[in-house]
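What follows is each chain in one-letter form.
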Amino acid sequence: MTYQETVNWMFSQLPMYQRQGKTAFRKDLSNTLKFSKHLNFPENKFKSVHVAGTNGKGSTSHMLASVLQEAGYRVGLYTSPHLKDFRERIKINGKPVSKMFVTGFIKRNKSFFKANQLSFFEMTVGMAFDYFFEQQVDIAIIEVGMGGRLDSTNIITPELSVITNIGLDHTLFLGDTLKAIAFEKGGIIKPNVPVVIGETQMETKPVFEDLARNTNSKIVFADQEPNQVLESDLKGPYQFRNIKTVIQAVKELKSIGYSITDVQLQKGLLNVVKNTGLVGRWQVLNETPKVVCDTGHNREGLVYTMQQLKEESFNKLHIVFGVVNDKDIDAISDLLPKDAIYYFCKPDIPRGKDATELKLTLSEFGIRGEAYNSVIEAYNNAFKNASSNDFIFVGGSTFVVAEII
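Worth saying up front: this structure is predicted, and the values here are computed from it rather than measured.

A. Quick look at the environment of Q266. Looking at the element boundaries, Q266 is found in helix α11 (residues 262–270). Q266 gets classed as partly exposed once you look at its relative accessible area, which sits at 37%.

This is the structure we're talking about:
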């Protein structure tokens, strides 16, 4: 199969949570462990940092990778979901995995996938770990997919664990309280492996402290440390928390023997996009009118995004907005500015919420706009209607952003 045929097969044959939702979710590590054994345990053959959290784990993972690259390390980076091309998920020093490796890996293991009914995510994690071992990375930054304790990535024993923060997202799978979600995400804390917690939260602090005590792990709360906040090319006030988390994570890595200078730390934070290819985080797509997209999609993420919007100056605000169908609209409706003009759209995935339904639901909260047949149609109408001193924001879902960048 060609690369495109291979990717099409992966999307059509293997259950994929991002596209299907809960029917593709596996709350179990047995398949991952079976596949790891089939691949001869590649995750035990490279060093890693494990990153979990409700918000900021993607930005934090990319920042850490960028800093380690500046320090001269060969750095693997595994993140999800991808925006445009599957290969974005698996990178080394910012370069995506080769198409040849993807097609070869699927060809070699296709019978195993079919026999064991692996999910898309289980297969992708195995591919990343096999690639990082084959390419002999010095260290890999591994971002959790969802939760932590039962996530497919949680078969690694990292040099360091990082948990950015805890919010109420994916409550169907992880629990409906901050404590319950913290316990799931805290499942990445391993015996005698230090852990950095990005944000101190009253409800979750005791959960993490208990888990660290039980595993004899050093625990540090980054926001309690007197670290200077450095600049980054990732913009938005919410990135300051991620920067503090990364600075503390770098301190912990230095304490166990990694060589990273202050200059390399600063350069790494300032060159995240260039070094890793990260997109979709308060990304400016156009200047006149100003167009910005952001992948923040849960309540905590949207709080920061909407806060950043308030700091912008413009005449009228146009919002291109779409969500997935399991999104709790009630939980985010109060964050959405009522004086904006909305262009509702359905992301082009099975999980996408119908635009007319979204329009009707949000109209009950005083949020008005029109429904469009696609993200592109919604965006084009916003662009056509906006004057040069207006502002267009595109968001609500990673999958909406993916269609316009």
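Continuing now.
B. Spatial organisation of unusual backbone geometry. Of note, the amide linkage connecting S80 to P81 takes the cis form, showing an omega dihedral of -5 degrees. Structurally, P81 is set in the loop between β2 (75–78) and β3 (90–92). Following T288, the chain continues to P289 via a peptide bond in cis, the omega torsion being -5 degrees. Even without being glycine, N40 reaches a positive phi, approximately 70 degrees. Of note, N40 is situated in the loop between α3 (30–38) and β1 (48–52). In this structure N40 comes out as partly exposed when scored by relative accessible area, which is 49%. Although it is not a glycine, F41 sits at a positive phi angle of roughly 55 degrees.

C. Examining the nonpolar core more closely. Ranked by internal contacts, the top residues of the largest apolar core, which has 33 residues, are F113, M127 and F132. Broken down by secondary-structure element, the contributors of at least two residues to this core are α1 (3–13), β3, α5 (99–116), α6 (120–134) and β5 (139–143). Sort the elements by how many residues they give to this core and α6 lands first, with 9 residues. For F132, the contacting residues outside a window of four places in its chain are F46, G76, L77, Y78, I90, K91, I92, V137, A140 and I142. Within the second largest apolar cluster, 31 residues are counted, among which are V67, A222, L230 and A249.

D. Quick look at the packing of aromatic side chains. Tallying each qualifying case throughout the model produces 20 aromatic pairs. With a centroid separation of 5.4 Å and 40 degrees between ring planes, the pair formed by F11 and F120 is classed as tilted. One end of the pair, F11, is in helix α1; the other, F120, is in helix α6, with 109 residues separating them in the sequence. Residues Y342 and F344 carry aromatic rings whose centres are separated by 5.6 Å and whose planes lie at 10 degrees to one another, so their mutual orientation is stacked. By the ring-pair criterion, three or more aromatic residues cluster together here, those being W9, F35, F46, F101, F105, F112, F113, F129, Y131 and F132. Over the ring of W9 we find K110; its NZ or CZ atom is 4.9 Å from the centre of that ring.

Criteria and cut-off values
Within each chain, residue numbers correspond to sequence positions counted from 1 in written order. Local features in this predicted model are restricted to residues of pLDDT 70 or higher, and side-chain atom pairs are both shown and tallied only at a pLDDT of 80 or more, whereas totals for entire chains, interfaces and linings draw on every residue. Only hydrogens and water are set aside when side-chain values are computed; all heavy atoms of the structure are taken into account. Here a helix means four or more residues in a row that DSSP labels H or I, a strand means two or more in a row labelled E, and each is numbered from the N terminus. For each residue, the accessible area found with a 1.4 Å probe, counting protein chains only, is set against the maximum for its type, and the residue is called buried under 20%, exposed over 50%, and partly exposed in between. Within this scheme, the nonpolar core is defined by two criteria: the residues are buried Ala, Val, Leu, Ile, Met, Phe, Trp, Tyr or Cys, and they are joined through side-chain atoms within 4.5 Å. Pairs of residues are marked as contacts when any of their non-hydrogen atoms sit within 4.5 Å. Only rings of Phe, Tyr and Trp enter the pairing, Trp through its six-membered ring, and a pair is recorded when the two centres are within 6.5 Å. The plane angle decides the type: under 30 degrees is stacked, over 60 is edge-to-face, the rest tilted. By definition, being over a ring means that NZ of Lys or CZ of Arg is both within 6 Å of the ring centre and within 35 degrees of the ring normal.

Worth remembering: the numbers are spatial, not functional.
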